[in-house]
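Observations on the three-dimensional arrangement
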Amino acid sequence: MFSANHRLLFTSQCVIGLVATASLVWWLGLENLYQTAGQLSPVRVGQAAFMAVVSLFVQAEKWRVLLVFLIPRASRKEALASLLAGMGLGLFTPGRVGELGRGLVFSSERGKIALLTAADRGISMAVTILFGSLSFSLLEMHYLSLVCFSLPLLSIGTILCICNGNAMRFRPLEKIVAVFSLVPQRAWIVSSLWAFLFNCIFFMQFSLLLSGDKEGALGAGVLAPAIFAVKSLVPISFFDIGIREGVAVWLFNKRGLNPLPAFNAAFGTFVLNVAMPGVIGWYFVARAALKKHGIEMDRKDVE
């Protein structure tokens with residue numbers, strides 16, 4: 001059960017997301033958005049959906065590269081189930097903190113898996129922000145570029161400081177950083193490379209979902225990383241709804257591009273990469289819950 005503070009945070013995020021989305025829809029016009037979405041080729045939607053599936057397997061492999069050092073027998077299928085279960089739990093928790101529950105599908109090491117999940121998500125976020133820094137630089141928004149470039153460096157510096165024994169000032173982060181010693185440096189590097197790949201997939205998806213707007217599609221290659229970077233840095237709404245779309249509309253307007261395809265593309269990436277995998281993930285959450293109550297599953301869990 002969530003505490004009163006968690007419930008308040010969750011409610012606030014829902015309100016912010018709904019208000020932001022409703023405001024954008026009112027400003028852009030629901031009919032205009034519908035007509036723009038209708039211009040999107042079914043082929044492009046199919047390609048974007050296929051890339052969402054590829055992205056899931058990439059993220060699962062990225063996760064397994066780290067997971068095997070806690071659960072040596074973890075297979076690719078189990079890593080995927082763990083990832084999806086976390087995404088399912090993240091759907092209805094404040095700040096998607098439920099994603100730390102990836103260990104639900106395993107019978108041991110759940111505490112360490114939660115810490116490893118936090119580190120895994122941190123890597124993904126750092127790579128997204130670095131892409132955003134490059135994007136903002138190309139857009140000649142140098143202050144935002146500097147902020148995005150500085151944050152990952154500051155995080156790395158903090159981790160190194162704690163690893164070197166200077167943990168007194170960073171006591172809340174000490175447990176998370178401790179998990180880094182459980183995984184070899186090579187695995188962290190490989191995981192980061194996988195993170196670069198699935199970020200590129202997200203950016204390509206965004207371009208595909210731009211309703212065939214050629215001018216917008218050309219600019220999306222630069223704008224998409226900036227949109228996702230800001231979304232990562234401002235997790236103040238439920239599912240990031242309204243924030244992702246608002247940043248997309250703002251940047252497209254700033255570049256003199258049509259904001260309607262940007263809103264639809266941003267919302268489309270949410271549906272394909274967050275909502276649908278999260279719904280599927282609840283199958284694995286339910287299966288783990290049933291097993292906890294003594295109902296046998298169709299596969300053996302990891303010891």
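Attention in this report is confined to the structure presented alongside it. As a convention, each chain's residues are numbered from 1 in the sequence order in which they are written. For a predicted model such as this one, the threshold for reporting local features is a pLDDT of at least 70, and the threshold for listing and counting side-chain atom pairs is 80 or more; totals across whole chains, interfaces and linings nevertheless cover every residue. The basis for every side-chain value is the complete set of non-hydrogen atoms in the structure, without hydrogens or water.

**What to know about the overall build of the chain**
In plain terms, the rule: Numbering of helices and strands runs from the N terminus, with a helix taken as a DSSP run of H or I at least four residues long and a strand as a DSSP run of E at least two residues long. Throughout, exposure labels follow a simple rule: accessible area from a 1.4 Å probe, protein chains only, divided by the maximum for the residue type, with under 20% read as buried, over 50% as exposed, and the rest as partly exposed. Whether two residues are in contact is decided by their heavy atoms: any pair within 4.5 Å suffices. Per-residue accessibility takes into account occlusion by the displayed protein chains alone, with areas from the Shrake-Rupley method and a 1.4 Å probe.
If you tally the helices and strands in the chain, you get 11 helices and 0 strands. Sequence-ordered secondary structure for the chain, helices as α and strands as β, is α-α-α-α-α-α-α-α-α-α-α. Counting all 303 residues of the chain, 48% fall into the buried class. Sequence separation of 24 or more characterises 70% of the internal contacts of the chain that already satisfy a separation of 6 or more. Carbon and sulfur atoms make up 68% of the accessible area of the chain, which amounts to about 15700 Å² in all.

**Quick look at the packing of helix α5 (residues 110–138) against helix α8 (residues 185–208)**
Any two packed helices are characterised by the angle at which their axes cross and by the distance between the axes. Spelled out, the test is: Fitted lines through C-alpha atoms give the axes, limited to the stretch in contact for helices. The angle between two N-to-C directions lies from 0 to 180 degrees. In this scheme, roughly parallel covers angles under 35 degrees and roughly antiparallel covers those over 145, while 65 to 115 is roughly perpendicular and the rest are oblique. For a crossing to be left-handed, the near helix must be turned anticlockwise from the far one by less than a right angle; the clockwise case is right-handed. Charged residues are taken to be Asp, Glu, Lys and Arg, nonpolar residues to be Ala, Val, Leu, Ile, Met, Phe, Trp, Tyr, Cys and Pro, and polar residues to be all remaining types, Gly included.
Here α5 crosses α8 at 55°, and the two axes come no closer than 9 Å. Between α5 and α8, the crossing angle belongs to the class labelled oblique. Note on packing geometry: the crossing formed by α5 with α8 is right-handed. Listed contacts from α8 to Leu116, Ala119, Asp120, Ile123, Ser124, Val127, Thr128 and Phe131 of α5 are Trp188, Ser191, Ser192, Ala195, Phe196, Phe198, Asn199, Cys200 and Phe203. Among the residues making up the contact of α5 with α8, the classes are represented as 11 nonpolar, 5 polar and 1 charged.

**Considering the packing of aromatic side chains**
As a reminder of what qualifies: By convention, a stacked pair of Phe, Tyr or Trp rings (six-membered ring in the case of Trp) has centres within 6.5 Å and planes under 30 degrees apart, an edge-to-face pair has planes over 60 apart, and any other such pair is tilted. Look at NZ for Lys and CZ for Arg. If either is within 6 Å of the ring centre and within 35 degrees of the ring normal, a charge sits over the ring.
Tallied over the full model, the rule gives 9 aromatic pairs. On the numbers, 5.8 Å between centres and 50° between planes, the contact of Phe203 with Phe228 is tilted. Of the two residues, Phe203 is situated in helix α8 and Phe228 in helix α9 (residues 214–233); the sequence distance between them amounts to 25 residues. Over the ring of Trp63 we find Arg102; its NZ or CZ atom is 4.6 Å from the centre of that ring.

**Some details on the packing of helix α3 (residues 42–67) against α8**
Interaxial distance between α3 and α8 falls to 9 Å at its minimum, and their mutual angle equals 170°. Judged by the inter-axis angle, α3 sits roughly antiparallel to α8. Partitioned by chemical class, the residues of the contact of α3 with α8 number 18 nonpolar, 6 polar and 3 charged.

**A closer look at the pattern of salt bridges**
Which entries qualify depends on this criterion: The salt bridge criterion pairs a side-chain nitrogen of Lys or Arg with a carboxyl oxygen of Asp or Glu, the two atoms within 4 Å.
Applying the stated rule across the entire model yields 6 salt bridges. Between Arg102 and Asp120 there is a salt bridge; the shortest N-O distance is 2.8 Å. Of this pair, Arg102 sits in the loop between α4 (76–91) and α5 while Asp120 sits in helix α5; the two residues are 18 residues apart in sequence, bridging distant segments of the chain. We classify Arg102 as buried; its relative accessible area is 4%. One salt bridge in this structure joins Glu245 and Arg244, with 3.3 Å as the shortest N-O distance. Across this residue pair, the class does not change: Glu245 and Arg244 are buried. Residues joined in a network through salt bridges with shared partners are Glu61, Arg64 and Arg76.

**A short note on a nonpolar patch on the surface**
The condition is simple: Surface patches are defined over residues having more than 30% relative accessible area and no salt bridge, joining like charges when they lie within 9 Å and nonpolar side chains (Val, Leu, Ile, Met, Phe, Trp, Tyr) when within 5 Å.
Together, Met125, Val147, Leu151, Leu154 and Leu233 give the surface a local cluster of nonpolar side chains, amounting to about 390 Å² of exposed area. When residues in the nonpolar patch are grouped by element, the largest group, 3 residues, is from helix α6 (residues 142–163). Structurally, the position occupied by Leu154 is in helix α6.

**Quick notes on the nonpolar core**
We apply this condition: Buried Ala, Val, Leu, Ile, Met, Phe, Trp, Tyr and Cys residues form a nonpolar core when they are joined through side-chain atoms within 4.5 Å.
Formed by 65 residues in total, the largest nonpolar core has its most connected members in Leu67, Leu116, Phe136, Phe206, Ile227, Leu251 and Phe252. Elements with a minimum of two residues in this core: α3, α4, α5, α8, α9, α10 (243–254) and α11 (259–292). For this core, the leading source of residues is α3, giving 10 residues. By size, the runner-up hydrophobic cluster in this structure holds 6 residues, among which are Leu24, Leu28, Leu260 and Phe263.

Any link to function would need more than the numbers given here.
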